[in-house]
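The lines below spell out each chain.
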Amino acid sequence: MISGRTFVKTAKAAALLVALQCGMGGAAQAATLTQEEALAVHKRATIVDTHNDTMMKVIDKNTWLPLVNIREATSFHIDIPKLEQGGLNVPFFAAYTAPYLSTDNKVDYTLTNSRILALISALHWTVNNNSDKMGLARSVAEVESLLQAKKIAAVASIEGAYSLKADNGIELLRQYNDLGVRAIVFTHNYSNDLGEGINNAYKDGTASQGGLTELGKTAVQEMNRLGMIIDVSHLNEATFWGVVQTTNAPIIASHSGAYALKDHVRNLKDDQIRAIAKTGGVVNIPYWKALIAAGEKVDCSQMVDHIDYVVKVAGVDHVGLGSDFDGAPMLSDLEDCSALPKITLELAKRGYTQSDIEKILGGNSLRVMKDVWHRADAKNRADAPVVTPALQMGEVIATPLPLLSAKIDAGKGATLKDAGIKVIIDGKIYKPAYNKATGVVQFQVTESLATNYHVVTFEAENDRGQVSREARTFYVQ
């Protein structure tokens, strides 16, 4: 038996030994990893990047239809050969938009929604055209299945939810979830109906105030329910703290650095970093040189300084990677995603352990994905309705007055609730016609659809209370 005094001395000695042995990662280590060992860690690790803008480069700049298949080498920061070379397993592909304004200088919500849907459609198109190489991951199980098959697990996200407004915003949010979107940052730089961005002003130049709005609070709560990750990059401080006070799930900053190292409005102050960590979330460090350091030539070592800093402030469990590939000028020695092993080599050089490197490269982000995505409002889906829309994802149609239809199977031994059959178009709910004999649901659009891209969701509920939803984007030519 150890006496109390002996235990205290022993504990102090052990603590001193650990302190002497600890590297930046905060874990005891015998020796720095060699370059060969570090590259082996990189190869084994699941690497997650929580923000890129590649889909903006995939679509045609005029029609917004998908145009460039990233299966072959491109001039982009990201394409499939570069993803494979750099070992990037789980890239978050953002649907980015600023608000589009109408002729009277007001937000054109329909056009803004069309732009978001164009980029989501582009990701579906990319995945469908490269199904032997990648898949769209809507759940952690799908991430794991894709990785086991040695495929890229693409995650859909939104940067700038300028399409959401009071009358249909929450239902449209649910439709984005139907399309596989699993993370959203409410604003880009301009403020919107959800809250204030870093410009503290709306697109028309009007100053904003108040931080997170009531609609924003409702959106936070609904995202928590749906199991969607809330991203706080680009939020001003008032909106940031509103999100922190409202959420009951971990949050992320998908591409933000440490303000203490570079005083840029897009970076996070120490109390913000600690607040994200307190939710169980992750600060993901970008490679956009303007957020890392001053000067024209900013390198990977300076980016890893930000990783070191977040580790110092919040711990190694709360830092990850969020490049901003194809959306900003990159580091001088990290020109595209094929160069990602340089980050691992720099982490190893600084004494991070294998375990901590794996956390930073993707383990921490995977933990948040597990923590948040499992919160989806999942009901018992055994024998749930099976909904099969007639439209293919991203299908081009010739009329702005389409007849939208789907086939519904109520589920074994079940019947459909008449009130539970809905068609939702761009966040607005309609009652369709339903033929019980054929199981076909139809809705004739009677008001001409403006803009090109739209989203339709078919919802069905059976007498057991099981609900199924299937969504498709479509393009009005």
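This text goes with the structure placed above it.
For the structure given in this document, a descriptive report is provided here.

### Focus on the sheet that holds strand 16 (residues 440-444)
1) Next: With antiparallel pairing, 4 strands are arranged side by side in an open sheet as 10-12-16-15. Two strands lie at the open edges of the sheet, namely strand 10 (386-389) and strand 15 (433-435), each paired on one side alone. Sheet twist, expressed as the average angle between the axes of neighbouring strands with direction ignored, equals 25°.
2) Next: Strand direction decides the pairing type here: strand 12 (residues 403-409) and strand 16, joined by 5 bridges, are antiparallel. Counted as the bridge partner of Ala406 is Val441 from strand 16.

### Description of the nonpolar core
1) Next: Ranked by internal contacts, the top residues of the largest apolar core, which has 99 residues, are Tyr287, Met303 and Ile307.
2) Next: Each residue touching Ile307, except ones within four places of it in the same chain, is listed here: Ile285, Val319, Leu321, Leu347, Tyr352 and Ile360.
3) Next: One finds Val387, Ile425, Val445 and Ala460 within the second-largest nonpolar core, a separate group that totals 20 residues.

### A few points about unusual backbone geometry
1) Next: Located in the positive-phi region is Asn200, a residue other than glycine, with phi close to 55°.
2) Next: Inspection of the secondary structure assignment puts Asn200 in the loop between strand 5 (181-185) and helix 8 (214-226).
3) Next: At Asp426, a position not held by glycine, the phi torsion is positive, near 50°.
4) Next: Examined against the element boundaries, Asp426 turns out to sit in the loop between strand 13 (422-425) and strand 14 (428-430).

The rules we used
- Residues numbered from 1 in each chain as written.
- Predicted model: local features only at pLDDT ≥ 70, side-chain atom pairs only at ≥ 80, totals over all residues.
- Heavy atoms only, no water.
- Pairing = 2+ DSSP bridges.
- Helix = DSSP H or I, 4+ residues; strand = E, 2+ residues; numbered from the N terminus.
- Axes fitted to C-alpha atoms, helices over the stretch in contact; angles between N-to-C directions.
- Core = buried A, V, L, I, M, F, W, Y, C linked by side-chain atoms within 4.5 Å.
- Buried < 20%, exposed > 50% of the residue type's maximum accessible area, 1.4 Å probe, protein only.
- Contact = heavy atoms within 4.5 Å.

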